[in-house]
Amino acid sequence: METDREKWNRRYASQDSYLGRAPSPFLKRMINQVESLVRGRKALDIACGEGRNSLFLAERGFQVTALDISDTGLEKGAQQATDRGLAIDFRRVDLDRQALTGCYDLVINFNFLIRGLIPAEIAVLNPGGVLLFDTIMETPALLLSHTPSYLLRPGELEQLFAGYDGDMVFHEESDNGEMPTARVMFRKAGPH
Ligand SMILES: C[S@@+](CC[C@H](N)C(=O)[O-])C[C@H]1O[C@@H](n2cnc3c(N)ncnc32)[C@H](O)[C@@H]1O
């Protein structure tokens, strides 16, 4: 059976850009608020893919570590970084198996869901650091084409963040038809 790494390598090799070169609209929407909240500029991009969000953050002065299982995605991101004169620490990691390390002011998790990783994403945040999370919710059609465990249930993302020491600065579920999405900005307790 094809592994996740092989599947994503095939997808990234098959087209110029799988999710496009532009950063996530949610990241663009929230970045000014994030920058006003965080004290430092160390960022971690979880399952960075081809690095579109890492590149955006690096261009804004963040020192970015970008993790993904796909070497093809990482190589494409690294090439873009070189072309744009940016330094990003791209690392091949299986997030199902390898623990998160380091301390970050910002962690981003876009279009990727391992529920059990959320505690570690919060643990690697510095006090007062911010986690941006944005991923897809299930619909009957998506349940036929996607692995069900990779899709959020309505109301679930807010529950997943309940009980941690910090603030849910922002939460929304947008039902835009084919691809409904849940988003959270969580700020870890600490110096404000
Ligand atoms: C839909 S893409 C999202 C890419 C990126 N976050 C973005 O929004 O542009 C999902 C990513 O998860 C990565 N991935 C899947 N399983 C993984 C795992 N076990 N460890 C690390 N990355 C994984 C894939 O290689 C792919 O790049």
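Description of the structure in this document. (Residues numbered from 1 in each chain as written. Predicted model: local features only at pLDDT ≥ 70, side-chain atom pairs only at ≥ 80, totals over all residues. Heavy atoms only, no water.)

**Focus on unusual backbone geometry**
For clarity, the cut-off: We count a stretch as a helix when DSSP gives it H or I for four or more residues in a row; a strand needs E for two or more, and each element gets its number in order from the N terminus. For every residue, the accessible area obtained with a 1.4 Å probe (protein chains only) is divided by the maximum for its type, and the residue is called buried under 20%, exposed over 50%, and partly exposed between those limits.
Of note, Ala 47 is a non-glycine position whose phi angle comes to about 55 degrees, a positive value. Tracing the sequence through the fold places Ala 47 in the loop between strand S1 (42-46) and helix H3 (52-59). Judged by relative accessible area, which is 18%, Ala 47 ranks as buried. With phi around 55 degrees, Asn 111 is a residue other than glycine that occupies positive phi space. By secondary structure assignment, the location of Asn 111 is in the loop between strand S4 (104-110) and helix H5 (118-123). According to the relative accessible area criterion, Asn 111 is partly exposed, its value standing at 38%.

**Focus: the pattern of salt bridges**
Here is the rule we go by: A carboxyl oxygen of Asp or Glu within 4 Å of a side-chain nitrogen of Lys or Arg is what we treat as a salt bridge.
Scanning all chains against the criterion turns up 14 salt bridges. Arg 5 serves as the salt-bridge partner of Asp 71, at 3.0 Å between the closest nitrogen and oxygen. With Asp 71 in helix H4 (residues 71-83) and Arg 5 in helix H1 (residues 4-14), this residue pair connects regions lying 66 residues apart in the sequence. The partly exposed category is assigned to Asp 71, whose relative accessible area is 22%. Counted as one network, the salt bridges with shared partners bring together Arg 29, Asp 134, Glu 172 and Arg 183.

**Overview of the sheet that holds S4**
Test applied: Strands pair, by our definition, only if DSSP identifies at least two bridges between them. Orientation is described by axes fitted as lines to C-alpha atoms, over the contacting stretch for helices, and by angles from 0 to 180 degrees between their N-to-C directions. Should any heavy atoms of two residues lie within 4.5 Å, those residues are considered in contact.
Strand order across the open sheet formed by seven strands is S3-S2-S1-S4-S5-S7-S6, with mixed pairing between neighbours. What marks the edges here is a single partner per strand, and that holds for strand S3 (89-92) and strand S6 (166-174). Pairwise comparison of adjacent strand axes, ignoring direction, gives a mean angle of 10 degrees for this sheet. Sheet analysis places S1 next to strand S2 (residues 63-68), joined by five bridges and oriented parallel. By the bridge assignment, Leu 44 is partnered in S2 with Thr 65. The sheet contacts of H4 involve S2 and S3, and relative to S3 the element is tilted by about 170 degrees.

**What to know about the packing of aromatic side chains**
Put simply, the rule reads: Only the six-membered ring of Trp is used, alongside the rings of Phe and Tyr, when aromatic pairs are assigned; centres must lie within 6.5 Å, and planes under 30 degrees apart are stacked while those over 60 apart are edge-to-face, with the rest tilted.
Under the defined criterion, the tally for this structure stands at eight aromatic pairs. Between Tyr 164 and Phe 186, the aromatic rings sit 6.5 Å apart at their centres with planes inclined by 80 degrees, giving edge-to-face as the arrangement. Linking Tyr 164 in the loop between helix H7 (156-161) and S6 with Phe 186 in strand S7 (residues 181-188), this pair joins segments that are 22 residues apart in sequence. Judged by its relative accessible area of 29%, Tyr 164 is partly exposed. Among the aromatic residues, ring-to-ring pairing joins Phe 133, Phe 161, Tyr 164 and Phe 186 into one connected group.

**Considerations on the pairing of S4**
Every other side chain in a regular strand lies on the same face of the sheet, so the side chains alternate between the two faces. To keep it simple, the criterion reads: Here the term right-handed applies to a crossover when the path leading from its first strand over the helix to its second strand runs clockwise, the strands being oriented away from the viewer.
Counting buried positions over the seven residues of S4 gives seven, a clear majority of the element. For S1 and S4, the ladder comprises four bridges, and the chain directions are parallel. Across the sheet, the residue bridging to Asp 45 is Ile 108, located in S4. When S4 meets strand S5 (residues 125-136), the two strands line up parallel, connected through six bridges. Residue pairing for S5: Asn 109 is matched across the bridge by Phe 133. The β-α-β motif built from S4, the intervening H5 and the parallel element S5 has right-handed crossover chirality.

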